[in-house]
Amino acid sequence: MKQYTTIYDIENISNAIQEAIALKENPFAHTHLGNNKTLVMLFFNASLRTRLSTEKAAKNLGMNVMILNVNDAWNLEFEEGVIMNLNASEHVKEAAQVISQYADIIAIRAFPSLQDKEKDISEWILNSFINYASVPIVNMESATMHPLQALADAITIEELKIKSKPKVVLSWAPHPKALPQAVANSFVTMMQELDINFSITHPRGYELSEDITKNVPINYNQEEALQNADFVYVKNWSSYTDYGKVSPVEEDWMLTKKKLNTGKFMHCLPVRRNVIVEDAVLDSENSVVIQQAHNRVFSAQIVLKKILENLQT
Ligand code: CP
């Protein structure tokens, strides 16, 4: 693997899932791969899971890890040909090349603005680093994608499924703030690669990009969509069509125990209790969110392992 910016960078997804599950059994079997190699993690936005799980994954592989909260460093300029007489002290052209002197792999978290749709879709921060860095880039959640989360989600479904073709439903849920579409986008993209019965439910006005959903069935009736679901993945996202807006929704879309029934509850975390999902679900045995978070280590580890193996060739 040369880089990991979307799930399509994985050559064979079902093999990668099985390899990640095997890594769980023996996480320190490949410490030689990361010997004298450094992962630099750049955070333009906050993180709990991604930061700790990716650092742990790198250390499981014997790597050194350096972390920079970019907002604590110089303000970066991303525009070409700009006269830099305002707040930005350094251009990404120099910054990406300089960081590449210290890193064998650079991992980046950079959320969207949710104000300028075209700019967000262009993935200007992630792509600037891909353009100017001289080492592989790993996406730790960009404007439109969260591929490490999607891989952890796929690993979790593979571990827990009790039928060969489980019914998996992605359900929108309410949230007081405008959130990105990245987790939903990557989950939908990943689910289309698996041999499952997959559908999406959300209120009208919360359609994701058709480039992402393609032919996945969409049901605007949540209770109907969730019937007999084996896995219910709940996530909020702001409107894609009325970009970044939180439009009012009349029906109650919070996931309840009654709606979930016997299915497994999935969420990427962090989650707002009794807004996205009621306590009775989150505190029940049907919730698999902690296993999902645990699997973030092994999704990152299989990705870093494949990139390190490629660096050796
Ligand atoms: N799920 C996830 O990416 O969590 P963090 O935002 O805490 O990294």
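What counts and what doesn't
Residues numbered from 1 in each chain as written. Predicted model: local features only at pLDDT ≥ 70, side-chain atom pairs only at ≥ 80, totals over all residues. Heavy atoms only, no water. Axes fitted to C-alpha atoms, helices over the stretch in contact; angles between N-to-C directions. Helix = DSSP H or I, 4+ residues; strand = E, 2+ residues; numbered from the N terminus. Parallel < 35°, antiparallel > 145°, perpendicular 65-115°, else oblique. Left-handed = near helix turned anticlockwise from the far one by under 90°. Contact = heavy atoms within 4.5 Å. Nonpolar A, V, L, I, M, F, W, Y, C, P; charged D, E, K, R; others polar. Expected span 1.5 Å × (residues − 1). Buried < 20%, exposed > 50% of the residue type's maximum accessible area, 1.4 Å probe, protein only. Core = buried A, V, L, I, M, F, W, Y, C linked by side-chain atoms within 4.5 Å. Domains from an automatic or database assignment.

(A) Molecular detail of the packing of helix H1 (residues 13-25) against helix H12 (residues 289-312). Interaxial distance between H1 and H12 falls to 9 Å at its minimum, and their mutual angle equals 115°. Classified by the angle between their axes, H1 and H12 sit roughly perpendicular to one another. Seen from above, H1 lies across H12 with right-handed handedness. Only His294, Asn295, Phe298, Gln301, Ile302, Lys305 and Lys306 of H12 make contact with H1, whose side of the interface consists of Ala16, Glu19, Ala20, Leu23 and Lys24. Tallied by class, the residues present in the contact of H1 with H12 amount to five nonpolar, three polar and four charged.

(B) Highlighting helix H6 (residues 147-160). With 14 residues, H6 ought to run about 20 Å at 1.5 Å a step, and its terminal C-alpha atoms sit 20 Å apart, in line with that. The element H6 is extensively covered by neighbouring structure, given that eleven of its 14 residues are classed as buried. All of the buried residues in H6 are Pro147, Leu148, Gln149, Ala150, Leu151, Ala152, Asp153, Ala154, Ile155, Thr156 and Ile157.

(C) Region of interest: helix H2 (residues 49-60). The end-to-end C-alpha distance of H2 is 16 Å, a good match for the 16 Å that twelve residues give at a rise of 1.5 Å each. When H2 is considered as a whole, its buried residues turn out to be Arg49, Thr50, Ser53, Thr54, Glu55, Ala57, Ala58 and Asn60. Of the surrounding secondary structure, the elements contacted by the buried residues of H2 are strand E1 (38-43), strand E2 (64-69), strand E5 (105-109), H6 and H12. In the segment just after H2, Gly62 is the residue with positive phi, at about 85°.

(D) Quick peek at the side chain of Thr54. Looking at the element boundaries, Thr54 is found in helix H2. In this structure Thr54 touches Leu39, Met41, Arg49, Met140, Leu148, Ala300 and Leu304, once residues within four positions along its chain are discounted.

(E) Structural view of the nonpolar core. In this structure, Tyr4 and Phe198 are the most contacted members of the largest nonpolar core, which totals 61 residues. The biggest single contributor to this core is H12, with eight residues. Counting the residues that make up this core, at least three belong to each of domain 1 (7-145 + 296-312) and domain 2 (148-292). Not counting chain neighbours up to four residues away, the residues in contact with Phe198 comprise Val168, Leu170, Phe187, Val188, Met191, Val216 and Pro217. Val40, Leu76, Val92 and Ile99 belong to the second largest nonpolar core, which has 20 residues in total.

By themselves these figures say nothing about function.
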